[in-house]
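Below are the chains, spelled out letter by letter.
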Amino acid sequence: MNTAQEEKFAACYEKLRDVMQMDYSLACNVFRCFQEFVEENLETEIEIDSAVELPPNASFGASVKIDGEINFILGVLAEKKIFHQIAERYEHFQLDSLEEDFDAISELLNVVTGHLIVKIANTFGIEEDLEPPRFGQTEKIFGVIKISVNIGTFYLYIGQEEIF
């Protein structure tokens, strides 16, 4: 993460501190791991826009909870069209249903959080567990990080409350 990205993430963290409820360095590492994985697997650069409330039209998403001594939920949400495009980009083939989109984004999050729990184990000596992904269309309003990539805008949730 470059200096400008770090500053944008720090501003988002400050605005979303009550949502994240975690140490800054941990939140920053979660974001870095997510960023590295997504940039490599979606072949696009991530640009942090700002911390915002999830727009009502960006309610399609998936999340995975890391459970243990360090608990948090990582989620990706977007408008249906962008959600589908992210899913297809990740899978590298055409997807024909919303269920396939949910499966693809759930898989993406499973892999990212799998990498995270390995890093947490190596750094802190703590073994964490992953809960099964949750997905769907949320009706809740909560704080997220607005992210821009070359196919559009999506929203990253790092927090403590279940969103689905």
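Residues numbered from 1 in each chain as written. Predicted model: local features only at pLDDT ≥ 70, side-chain atom pairs only at ≥ 80, totals over all residues. Heavy atoms only, no water.

## Things to note about the side chain of Gln-5
- By the secondary structure assignment, Gln-5 is in helix H1 (residues 3-20).
- Accessibility expressed as a relative area gives 4% for Gln-5, which makes it buried.
- A distance of 2.7 Å separates the side chain of Gln-5 from the backbone oxygen of Ile-46, its partner in a polar contact.
- Within the local environment of Gln-5, its side chain forms a polar contact with the backbone nitrogen of Ile-48, the two atoms lying 3.2 Å apart.
- Those residues in contact with Gln-5 that sit more than four places away from it in its chain are Gln-35, Ile-46, Glu-47 and Ile-48. (Helix = DSSP H or I, 4+ residues; strand = E, 2+ residues; numbered from the N terminus. Buried < 20%, exposed > 50% of the residue type's maximum accessible area, 1.4 Å probe, protein only. Polar contact = N/O pair within 3.5 Å; in protein donor to acceptor, adjacent residues only side chain to side chain. Contact = heavy atoms within 4.5 Å.)

## Things to note about the packing of aromatic side chains
- Counted under the stated rule, the structure contains eight aromatic pairs.
- Centroid distance Phe-9 to Tyr-24: 5.9 Å. Interplanar angle 50°. Geometry classified as tilted. On the criterion of sequence distance, the pair formed by Phe-9 in helix H1 and Tyr-24 in helix H2 (residues 24-42) is long-range, its members being 15 residues apart.
- By relative accessible area, Phe-9 is classed as buried at 0%.
- On the accessibility criterion, Tyr-24 (30% relative accessible area) is partly exposed.
- These aromatic residues form a ring-pair network of at least three members: Phe-9, Tyr-13, Tyr-24 and Phe-31. (Phe/Tyr/Trp six-rings, centres within 6.5 Å; stacked < 30°, edge-to-face > 60°.)

## Topic: the side chain of Thr-113
- With respect to the helices, strands and loops of the structure, Thr-113 is situated in helix H4 (residues 98-124).
- By relative accessible area, which is 0% here, Thr-113 ends up buried.
- Here Leu-109 takes part through its backbone oxygen, which lies 2.7 Å from a polar atom of the side chain of Thr-113.
- Within the structure, Thr-113 has its side chain in polar contact with the backbone oxygen of Asn-110 (distance 3.2 Å).

## Re a negative patch on the surface
- A grouping of Asp-96, Glu-99, Glu-100 and Asp-103 is seen on the molecular surface, where their side chains present a negatively charged patch.
- By the element assignment, Asp-103 lies in helix H4.
- When its relative accessible area of 48% is taken as the criterion, Asp-103 is described as partly exposed. (Patch = residues over 30% accessible without salt bridge, like charges linked within 9 Å, V, L, I, M, F, W, Y side chains within 5 Å. Areas by Shrake-Rupley, 256 points an atom, 1.4 Å probe, with all protein chains shown as cover. Salt bridge = Lys/Arg side-chain N within 4 Å of Asp/Glu carboxyl O. Lys, Arg positive; Asp, Glu negative; His and termini not counted. Charge placed at Lys NZ, Arg CZ, Asp CG, Glu CD.)

From the geometry alone we can't say anything about function, so treat these as descriptive.
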